[in-house]
Amino acid sequence: KAGVTQTPRYLIKTRGQQVTLSCSPISGHRSVSWYQQTPGQGLQFLFEYFSETQRNKGNFPGRFSGRQFSNSRSEMNVSTLELGDSALYLCASRFEGVGYEQYFGPGTRLTVT
Amino acid sequence: TQLLEQSPQFLSIQEGENLTVYCNSSSVFSSLQWYRQEPGEGPVLLVTVVTGGEVKKLKRLTFQFGDARKDSSLHITAAQPGDTGLYLCAGEISNNNDMRFGAGTRLTVKP
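Definitions and limits used
Residues numbered from 1 in each chain as written. Chains lettered and ligands numbered in written order. Predicted model: local features only at pLDDT ≥ 70, side-chain atom pairs only at ≥ 80, totals over all residues. Heavy atoms only, no water. Helix = DSSP H or I, 4+ residues; strand = E, 2+ residues; numbered from the N terminus. Rg over C-alpha atoms; globule rule 2.2 N^0.38 Å. Buried < 20%, exposed > 50% of the residue type's maximum accessible area, 1.4 Å probe, protein only. 1 Å grid on protein atoms, 1.4 Å probe; cavity = no way out; pocket = protein on both sides within 12 Å on 5 of 7 lines; lining within 4 Å. Points joined across faces, edges and corners; volume = space filled by probe spheres on them. Nonpolar A, V, L, I, M, F, W, Y, C, P; charged D, E, K, R; others polar.

(A) Highlighting the overall build of chain B. In terms of regular secondary structure, chain B is built from zero helices and eleven strands. Along chain B, from the amino end to the carboxyl end, the secondary structure elements read β-β-β-β-β-β-β-β-β-β-β. In terms of overall size, chain B behaves like a compact globule, its C-alpha atoms giving a radius of gyration of 13 Å where 111 residues would be expected to give roughly 13 Å. Projected onto the principal axes, the alpha-carbon positions of chain B cover approximately 45 × 30 × 20 Å. Across the 111 residues that make up chain B, the buried fraction comes to 45%.

Written as structure tokens, this is what we have:
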């Protein structure tokens, strides 16, 4: 089975712009979660989507949004980028079952200048 | 304040030594996972523990879930340079579909 894929792997944007990141989960996984990872804050939960619905949301401003399509692929959007949004954005998928076993993609490294 | 506290934050040891990494919380978790992450890559799942008191072994790695399901430990025997990485614990908040991560332990094993 192919793993979780994320595109693009690297991205450089200017403050004030917006960005869209994409995630394709493992086949059969209907849950997709997004995380932001920075050296100072570690891994922070952004949101989780399941069957095209946002099921859970972390403590991030409304500039961070996402969606999930019928094939479980997910996108994350950040509007009005700030310097502090520079981070590794990770997507993880899982198959509903016992134990919250998530499988992560390689991440998208976003740099905001 | 992190919901999951990992200790130590940094650990540098020689090849062949043993080590233990801890993950503690005041919250109860439905399940707890350990991941290893290398620079520039996503975390890789090592193990999931579900039952209080559970012990799982993966070759030289031993994982334990506390009886009260609030804490966990990872013990590595005879560490090797290939064990170098960031070790993260993550807990599933009971009945909440919410996953929280610890800040991680950065392990360096010197040859």
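(B) Broad picture of the layout of surface pockets. The calculated volume of the largest pocket comes to roughly 440 Å³. Around the largest pocket, the lining comprises 22 residues; the ones closest to its centre are Gln37(A), Thr38(A), Pro39(A), Leu86(B) and Arg106(B). Elements with a contribution of two residues or more to the lining of the largest pocket: strand 4 (31-38) and strand 5 (42-50) of chain A together with strand 9 (85-93) of chain B. Among the residues forming the lining of the largest pocket, the class breakdown is eight nonpolar, ten polar and four charged.

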